[in-house]
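Residue-level listing of the chains:
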Amino acid sequence: KNQVEQSPQSLIILEGKNCTLQCNYTVSPFSNLRWYKQDTGRGPVSLTIMTFSENTKSNGRYTATLDADTKQSSLHITASQLSDSASYICVVSAGGSGNTPLVFGKGTRLSVIA
Amino acid sequence: DTEVTQTPKHLVMGMTNKKSLKCEQHMGHRAMYWYKQKAKKPPELMFVYSYEKLSINESVPSRFSPECPNSSLLNLHLHALQPEDSALYLCASSQDLGQGSYEQYFGPGTRLTVT
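Rules and cut-offs
- Residues numbered from 1 in each chain as written.
- Chains lettered and ligands numbered in written order.
- Predicted model: local features only at pLDDT ≥ 70, side-chain atom pairs only at ≥ 80, totals over all residues.
- Heavy atoms only, no water.
- Helix = DSSP H or I, 4+ residues; strand = E, 2+ residues; numbered from the N terminus.
- Rg over C-alpha atoms; globule rule 2.2 N^0.38 Å.
- Buried < 20%, exposed > 50% of the residue type's maximum accessible area, 1.4 Å probe, protein only.
- Contact = heavy atoms within 4.5 Å.
- Areas by Shrake-Rupley, 256 points an atom, 1.4 Å probe, with all protein chains shown as cover.
- Lys, Arg positive; Asp, Glu negative; His and termini not counted.
- Charge placed at Lys NZ, Arg CZ, Asp CG, Glu CD.
- Core = buried A, V, L, I, M, F, W, Y, C linked by side-chain atoms within 4.5 Å.
- Disulfide = S-S within 2.5 Å.
- Pairing = 2+ DSSP bridges.
- Axes fitted to C-alpha atoms, helices over the stretch in contact; angles between N-to-C directions.
- Buried area = accessible area lost by both parts, 1.4 Å probe.
- Polar contact = N/O pair within 3.5 Å; in protein donor to acceptor, adjacent residues only side chain to side chain.
- Patch = residues over 30% accessible without salt bridge, like charges linked within 9 Å, V, L, I, M, F, W, Y side chains within 5 Å.
- Salt bridge = Lys/Arg side-chain N within 4 Å of Asp/Glu carboxyl O.
- Phe/Tyr/Trp six-rings, centres within 6.5 Å; stacked < 30°, edge-to-face > 60°.

Novice: Provide a residue-level description of the overall build of chain A, including the pertinent values.
Specialist: Of regular secondary structure, chain A possesses 0 helices and 11 strands. Secondary structure elements of chain A, listed N to C terminal, follow the sequence β-β-β-β-β-β-β-β-β-β-β. Computed over the C-alpha atoms, the radius of gyration of chain A is 14 Å, within 12% of the 13 Å expected from 2.2 N^0.38 for a compact globule of 114 residues. In terms of overall dimensions, chain A has a C-alpha envelope of 45 × 30 × 20 Å along the principal axes. By the burial criterion, 44% of the 114 residues in chain A qualify as buried. A separation of at least 24 residues holds for 57% of the contacts in chain A among residues at least 6 apart in sequence. Accessible area of chain A: about 5,400 Å², with a carbon and sulfur share of 50%. Side chains of chain A give 10 positive and 7 negative charges; the mean places of these two sets differ by 6 Å.

Novice: Explain the nonpolar core to me, and be specific about the residues and the numbers.
Specialist: Burial of nonpolar side chains together is a common tendency in soluble globular proteins. Among the nonpolar cores identified, the biggest contains 26 residues, and Val-4, Tyr-25, Leu-33, Trp-35, Leu-75, Tyr-88 and Val-92 of chain A are the most heavily contacted of them. The set of elements that each furnish at least two residues to this core consists of strand 3 (19-25), strand 4 (30-38), strand 5 (45-51), strand 7 (62-67), strand 8 (72-77), strand 9 (86-94) and strand 11 (108-113) of chain A. Per element, the largest residue contribution to this core is 5 residues, and it comes from strand 9 of chain A. Sequence-distant contacts of Val-92 of chain A, defined by excluding residues within four places in its chain, comprise Val-4, Tyr-25, Val-27, Phe-30, Asn-32, Leu-33, Leu-102 and Val-103 of chain A. Membership of the second largest hydrophobic core comes to 23 residues, among which are Met-27, Trp-34, Met-46 and Cys-91 of chain B.

Novice: Lay out the state of the cysteines with the relevant residues and their values.
Specialist: Residue and element names in this part refer to chain A. This structure, assessed with the given rule, holds 2 disulfides over all chains. Between Cys-23 and Cys-90 runs a disulfide, and the two sulfur atoms are separated by 2.0 Å. One quick way to see it: the torsion about the S-S bond of Cys-23 and Cys-90 is about -65°, and its sign makes the bridge left-handed. With Cys-23 in strand 3 and Cys-90 in strand 9, this residue pair connects regions lying 67 residues apart in the sequence.

Novice: Before we move on, could you go through unusual backbone geometry and cite the residues and values that matter?
Specialist: The step from Ser-7 of chain A to Pro-8 of chain A runs through a cis peptide bond, and the omega angle for that step is -10°. Note that the residue after Ser-28 of chain A, namely Pro-29 of chain A, is joined by a cis bond; omega there is -10°. Positionally, Pro-29 of chain A belongs in the loop between strand 3 and strand 4. The backbone of Ser-59 of chain B shows a phi angle near 55°, a positive value even though the residue is not glycine.

Novice: Tell me about the sheet that holds strand 8 of chain A, residues and numbers included.
Specialist: Residues and elements named next belong to chain A. What the 5 strands build is an open sheet, ordered 1-3-8-7-6; its pairing is antiparallel. Where the open sheet ends on each side, the last strands, each with one partner, are strand 1 (4-7) and strand 6 (56-59). Geometrically, the sheet is characterised by an average inter-axis angle of 15° between neighbouring strands, direction not taken into account. With 4 bridges connecting them, strand 1 and strand 3 associate as antiparallel partners.

Novice: Tell me about the interface of chain A and chain B, and please be specific about residues and values.
Specialist: Facing the 22 residues of chain A at the interface are 22 residues of chain B. For the chain A and chain B pair, buried surface summed over both sides reaches about 1,600 Å², with 52% attributable to carbon and sulfur atoms. Our enumeration of links across chain A and chain B arrives at 5 residue pairs in polar contact (both at pLDDT 80 or more). Among the secondary structure elements, those contributing two or more residues to the side of chain A that touches chain B are strand 4, strand 5 and strand 9 of chain A. Of all the elements, strand 4 of chain A adds the most residues to the side of chain A that touches chain B, at 5 residues.

Novice: Break down a nonpolar patch on the surface for me, citing the residues and quoting the values.
Specialist: Taken together, Ile-12, Leu-14 and Ile-113 of chain A make up a surface patch of nonpolar side chains, about 290 Å² in accessible area. With respect to the helices and strands, Ile-113 of chain A occurs in strand 11.

Novice: Tell me about the packing of aromatic side chains, and name the residues and values.
Specialist: Residues and elements named next belong to chain A. For the coordinates displayed, the defined rule picks out 7 aromatic pairs over all chains. When the ring of Tyr-25 is compared with that of Phe-30, the centres are 5.1 Å apart and the planes differ by 25°; the resulting orientation is stacked. We note that Tyr-25, like Phe-30, is buried. Aromatic pair Tyr-62 and Tyr-88: ring centres 6.1 Å apart, planes at 45°, arrangement tilted. Taken together, the positions of Tyr-62 in strand 7 and Tyr-88 in strand 9 put the pair 26 residues apart, joining distant regions of the chain. In terms of burial, Tyr-62 and Tyr-88 fall into one category: buried.

What is shown is where atoms sit, not what they do.
This is how it looks when you write it as structure tokens:
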């Protein structure tokens, strides 16, 4: 069964600190992995999208890594800001037929406090 | 323009009402999606349109009726909803179908409350 597991479920950090969110998946065949940021009551916003051949990808203070062998990804946030408080969702898409739905993780709820 | 817009932002409706949610994109995307998201849960796919034709219906109850009048617009018609249908309804679009290959851009969502 295609699944995406994220940890931790929630995280509280001080402003300015770094943090790392984890994503493990069992989606097969693998096409790509995305990280989305979702503010409460808003739509998800894409941070990164990584294919099989990509190990790391950065978007400002966000750096995603992908290990396709172990089927793990991480999202590292550097020098956190209060505006980083949101849910971070790992989404994996399967290869094969074009109609395969995306597999969403349950997200990590990040709270950055002053 | 990489924006997907949704109206209204908030909607409160009774169980006997008929209402519609609207979604619009001007990126030339040919695939559009409706998702339902309950609090603290990931989005759940409801419908997928490709080239204005319904491609996927994830066994959604008939009280939800999607419509794609043209390549830029996607509607979700609501009738005789239940309180448990209260959720954030998200619209998304992508360049083409093949959800695994193309980036999906999400709208801000419509917060629906059924009383």
